[in-house]
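Summary of the model geometry
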Amino acid sequence: MSKFYNPAKISSLTVNHHSRYHLVRFQTKPISSSSTTSSSVPSHQHIAHLIAEQTSHSQALQTFRWASKLPNFTHSQSTYRALIHKLCTFRQFDSVKELLDEMPTSIGSPPDDSIFVTVIRGFGRAKMVKEVIKVLDLVSRFQKDPSLKVCNSILDVLVKEDINLARAFYRDKMMKCGIQGDDYTFGILMKGLCLTNRISDAFKLLQLIKSRGITPNTVVYNTLIHGLCKTGKLGIGRGRSLMSEMAEPNEVTFNILISAYCKEGDLIQSLVLLEKSFSLGFVLDVIPVTKIVQLLCGEGRVMEAVEILERVEERGGSVDVVAYNGLIRGFSKIGKTNLGFRFLKEMERKGCLPNVNTYNELIAGLCESKEYDSALEQFDDMTRDGISPNFITYDTLIRGLCSGRRIGDGLKILDQMEEERRGAGGQISPYNSIIYGFYKENQLVEALEFLTKMGSLFPGAVDRSKRILGFCKENCVGEAKRVYDQMIAEGGLPSAVVYNDLIHGLCQVGDIRQAFELMNKMVDHGYFPISSTFNVLIREFCKQGKVDSASELLREMVDRGCIPDLGSYNTLIDAFCKKDDFHRALKLQHQMVEKGITPDYYTWTSLLLFLSRQVNWRKREPFVYQ
């Protein structure tokens, strides 16, 4: 932007070629009437632009006064409006009033409505609400009645500041002046009432409009429906009823209601309204369409979501990257990541470029499907395509790799994250994933070594973790649990080894209930226990005579992909034998053999002791001849 120079010191003023209007040279020396042409006198538009470009109120005022001295140039409503807007921006309201007073003499006409609207908005931006209302007095000074346009502008400012003041202005100022208002007036009032959640008053306003023989327009209805939808499920139902009495519901009506139903998770009503909007020929915004897609994908109905997007596109609607990301997430969730790839190519073909979230969804899906090499390929592809991985990318990939016993790859990605992002921004999650990887490999020594190395990055979390582990080692489980509870209360994320040691400690003192609760929390954090953690719970259940609970835990352990070991089976086989349930004990022995686990000394000992007890018992029984 060019700097404004004092015209008295130079022969001409040139508007910088970077400005948004054409290059013009304004002559400041006197121009004879014979030589004057239309091109030698600047237009009102050019002067207004020049005033608007100034960086201070004094420069704007100086430019205005300079233009007044140009031969054959007379200011107009537009140049006064430009200056008044600039003065309002810098809150020079006294100067504004002086300009208003000089206008009848200077240009031969009083300020028009657009100037008063500019003043009203200036007072509004300055939060000078009382001065906004006093603009009516400024209007009356020029022997003018306030127009509906001016009153609506005042009302619009008041509604944003104080709905009560706005209603009083409409009642005491507008109506008493005989100004009943128009659609815009009622739209402003309806917006103010709904923004302040005064829904009952909004319905009274609707009835007032109808009582005057006016049909409320679509904007008024949409505003009230939107206000109703914000109040929850009951309000959405009332909003739906209001739509039925509208003369012409439009796309906005359907956008509001569908978004509200989606927020409530009501997929059925969302789809009903979507079908109705299609039948009326409407093309909805991408946001409600995307919400429906996300709901469908969340329920595994991904192909229905695909069909909806196709129908939207056929009708000329737009589908953005967020909608495609929802599809990719949906396919990943049902284990069909290959179809997610197909839609990645489809969106690229249509000119909808994937973003970091697109790749994050693909990587998450691939990790969930245990396709770790493909996940690493996608990670490389996104960087080659110029998309920088974010924290979620690294966190998802590291967690997936470590869950899949690819801890070496997980450490490499962690190193890359630290190099490119200079750490994890204070977030401990990827580091806990590395510990989880060591835990899954039963490399607890390595896990503790890595925890120690984390001390410089997360001193508080590491200190608490070590205190918990220390208390568990000293059999002070109560103290360990107290530190854990404090850690959770402060938003900390315990690692897998912390959960493992606490579960072992609680089982040692016989608190199976808290141990089981901790295991569930461990799973909630994404750390699935290994067999040794399950085994200590199975052992404690058996010790307390809850063999059926132990058996159910073993079954769930197998169903969720955790491979049991000798310890898992031996404890239960021994417990069933002691309960004289040889059938179930033998069944477990067959099951472990089928899984490739060879029974050991303890397995056979439990079974043989049971059989020997049976033989001895039969020898003691008297022989009964039949």
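Residues numbered from 1 in each chain as written. Predicted model: local features only at pLDDT ≥ 70, side-chain atom pairs only at ≥ 80, totals over all residues. Heavy atoms only, no water.

An unreviewed UniProt entry lists the protein chain under the name Pentatricopeptide repeat-containing protein, with Papaver nudicaule given as the organism.

1. Comments concerning helix 13 (residues 251-263)
Structural remark: α-helix, 3.6 residues per turn; residues separated by three or four positions point the same way. In this model, helix 13 (13 residues) spans 18 Å end to end at C-alpha, consistent with the 18 Å of a helix rising 1.5 Å per residue. Counting buried residues in helix 13 gives 10 out of 13 residues, a clear majority hidden from the surface. Within helix 13 the residues assigned to the buried category are T253, F254, N255, I256, L257, I258, S259, A260, Y261 and C262. Buried positions along helix 13 lie against helix 11 (218-229), helix 12 (233-244), helix 14 (267-279) and helix 15 (286-298). Among the residues of helix 13, the N-terminal cap falls to N250, whose side-chain oxygen and the backbone nitrogen of V252 are separated by 3.1 Å. G265 sits one or two positions beyond helix 13 and adopts a positive phi of about 75°. (Helix = DSSP H or I, 4+ residues; strand = E, 2+ residues; numbered from the N terminus. Expected span 1.5 Å × (residues − 1). Buried < 20%, exposed > 50% of the residue type's maximum accessible area, 1.4 Å probe, protein only. Contact = heavy atoms within 4.5 Å. Polar contact = N/O pair within 3.5 Å; in protein donor to acceptor, adjacent residues only side chain to side chain.)

2. Comments concerning the packing of aromatic side chains
To describe a pair of aromatic rings, you give the distance between the ring centres and the angle between the ring planes. With the rule as written, the count across this model stands at 16 aromatic pairs. Consider the rings of F254 and F282, whose centres lie 5.6 Å apart with planes at 50°: the pair is tilted. With F254 in helix 13 and F282 in the loop between helix 14 and helix 15, this residue pair connects regions lying 28 residues apart in the sequence. Note on accessibility: F254 and F282 belong to one class, buried. Site record: aromatic cluster; members linked through ring pairs are Y431, F438, F450 and F458. Over the ring of F278 we find R315; its NZ or CZ atom is 4.4 Å from the centre of that ring. (Phe/Tyr/Trp six-rings, centres within 6.5 Å; stacked < 30°, edge-to-face > 60°. Lys NZ or Arg CZ within 6 Å of the ring centre and 35° of its normal.)

3. Brief notes about the packing of helix 27 (residues 496-508) against helix 28 (residues 512-524)
Where helix 27 meets helix 28, the axes come as close as 8 Å, and the angle between the chain directions of the two elements is 165°. Judged on the interaxial angle alone, helix 28 and helix 27 are roughly antiparallel. Seen along the crossing, helix 27 lies across helix 28 with a hand that is left-handed. Along its contact with helix 27, which presents A496, Y499, L502, I503, L506 and C507, the element helix 28 presents I512, Q514, A515, L518, M519, K521 and M522. Grouping the amino acids of the contact of helix 27 with helix 28 by side-chain chemistry returns 11 nonpolar, one polar and one charged. (Axes fitted to C-alpha atoms, helices over the stretch in contact; angles between N-to-C directions. Parallel < 35°, antiparallel > 145°, perpendicular 65-115°, else oblique. Left-handed = near helix turned anticlockwise from the far one by under 90°. Nonpolar A, V, L, I, M, F, W, Y, C, P; charged D, E, K, R; others polar.)

4. A look at the nonpolar core
Residues L224, I292 and L327 are the most contacted members of the largest nonpolar core, which totals 106 residues. Discounting chain neighbours no more than four positions away, the residues touching L327 are V293, C297, V302, A305, V306, L309 and F343. Within the second largest apolar cluster, 50 residues are counted, among which are V483, A515, F528 and L553. (Core = buried A, V, L, I, M, F, W, Y, C linked by side-chain atoms within 4.5 Å.)

5. What about the side chain of S531?
Mapped onto the elements of the fold, S531 is located in helix 29 (residues 531-543). Owing to a relative accessible area of 14%, S531 belongs among the buried residues under this scheme. Sequence-distant contacts of S531, that is, excluding residues within four places in its chain, are made with M557, C562, I563, P564, D565 and S568.

6. Considerations on the layout of surface pockets
Roughly 990 Å³ of internal volume is contained in the largest pocket. Lining the largest pocket are 35 residues, with E368, K370, Y372, S403 and Y436 positioned closest to its centre. At the level of secondary structure, the elements contributing two or more residues to the lining of the largest pocket comprise helix 17 (321-333), helix 19 (356-368), helix 21 (391-403), helix 23 (429-440) and helix 29. Here the element with the most residues in the lining of the largest pocket is helix 21; it accounts for seven residues. In the lining of the largest pocket, the residues fall into 13 nonpolar, 11 polar and 11 charged. (1 Å grid on protein atoms, 1.4 Å probe; cavity = no way out; pocket = protein on both sides within 12 Å on 5 of 7 lines; lining within 4 Å. Points joined across faces, edges and corners; volume = space filled by probe spheres on them.)

7. Overview of unusual backbone geometry
Despite not being glycine, R405 has its phi angle at roughly 60°, a positive value. Locating R405 in the fold gives a position in the loop between helix 21 and helix 22 (407-421). Unusually for a residue other than glycine, N442 sits at a positive phi of about 60°. Tracing the chain through its elements places N442 in the loop between helix 23 and helix 24 (444-453).

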